[in-house]
Amino acid sequence: MSHDPLPPKLIEELRRRSPKLILLRLPEGLRPKCAAIAESIAEATGAEVIASADPCYGACDISPEDAEAVGADLVVQIGHSPMRGRARDDAVIIETMAEEDPGPLIEEALKLLKSERIIGLATTAQHIHQLDRIRGILEASSKEVRIGRPTGWAAHEGQVLGCDYSAAKAVAEEVDAFLFFGGGRFHALGLGISTDKRVLAADPYEGKVVDLMDDSKRLLRARFAAMEAFKGAKRIGVLVGLKGSQKRLRGAWDLRALLKRKGKKAIILSFRDLRAEALLSFSELEAFANTACPRIAIEDQPAIGRPILNVREVMVALGELSWEEYRRDPFSQAMG
Ligand code: SF4
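Note that the structure is a prediction, hence the values are computed from the model and not measured. (Residues numbered from 1 in each chain as written. Predicted model: local features only at pLDDT ≥ 70, side-chain atom pairs only at ≥ 80, totals over all residues.)

Draft legend 1. Representation of the domain arrangement of the chain in the model. Along its sequence, the chain is organised into domain 1 (8-94), domain 2 (103-211) and domain 3 (218-328). Averaged C-alpha coordinates put domain 2 and domain 3 at centres separated by 29 Å. Listed per partner, the contact involves 5 residues of domain 2 and 7 residues of domain 3. Among the residues making up the side of domain 2 that touches domain 3, the classes are represented as 4 nonpolar, 1 polar and no charged. (Domains from an automatic or database assignment. Contact = placed C-beta atoms within 7 Å. Nonpolar A, V, L, I, M, F, W, Y, C, P; charged D, E, K, R; others polar.)

Next comes the structure, spelled out in structure tokens:
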């Protein structure tokens, strides 16, 4: 997928800040263009650039410590939106502008949306600027479109994060189905289980449209099974991430205290970048309670073979939250 070399907004911001050394952080999808992006930044600003090869999961994951470690005076993170209410002096976070015409994929999606009249649109930061075009195509096919306003971390109308589906939930009652435009399945599956609606995922990177109705149901059943298995676990590892807004140390202590009150033994495990294999060696721990990015529990659990629950799932397993309350916001990491 091609992108503009550099968003003009980024150049403007970098010239205003005139950094000397930039730590460049890119998500997976932009890494094939890392060298070209770094060269463009250096040419436009005169700054030196070091590119971070560590994972870069979201706008919650800025890692100012890494900038400090290499002597960089600014972090530039491309491909995410700044989290609402979390402006930073030490980082510039900017969406990319994916260029491809979404038209052909949306036409494909329309073939699968014959009986649905009102469609909710959702996407990630990289494709926010394409929502108007997508809306136009749907409306030209006599569909009504709803795009919700977020109330959580997400910055734009229609934008969802793996831990914030508030934009979609704002319109879920009104729509017959959701169309998610963006890469991968994680966000689209989260959308399905957060709204209980049929979700079609149009993935411009794979160039295909997938109906995730069955996958969402399967995921929900797997989460329920993990919660049931967690109930019988006696020793729990409480996972606390050390990166940016994913760090919820107070929440980890609170969760550990709750686990102990419920008769379980619990130890807090800290990590910067969690790899599933790293948990395998903690073999006396029968289950894990994850306070960091909810994606860890969803994607890493199969490799571990032991339950990894997100915070609200732990609350359900401990009898502190009902299944219905969990369903209202399954991937939020708030305890309530
Ligand atoms: S915590 Fe995870 S899902 Fe939420 S914004 Fe960060 S990377 Fe995305």
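Draft legend 2. Focus on the sheet that holds strand β9 (residues 208-211). Sheet architecture is open: 5 strands sit in the order β6-β5-β7-β8-β9, paired in mixed fashion. Of all strands in the sheet, those with a lone pairing partner are β6 (144-146) and β9, marking the two edges. Across the sheet, the mean angle separating the axes of adjacent strands is 25 degrees when strand polarity is ignored. Relative to β6, strand β5 (residues 118-123) runs parallel, the two sharing 3 bridges. Pairing of G120 across the sheet is with R146, part of β6. Of the strands in this sheet, β5, β6 and β7 (177-181) are in contact with helix α5 (residues 131-140), which crosses β5 at around 160 degrees. Most of the contacts of helix α7 (residues 186-195) go to β7, to which it runs at about 160 degrees, and overall it touches β5, β7 and β8 (198-203). (Pairing = 2+ DSSP bridges. Helix = DSSP H or I, 4+ residues; strand = E, 2+ residues; numbered from the N terminus. Axes fitted to C-alpha atoms, helices over the stretch in contact; angles between N-to-C directions.)

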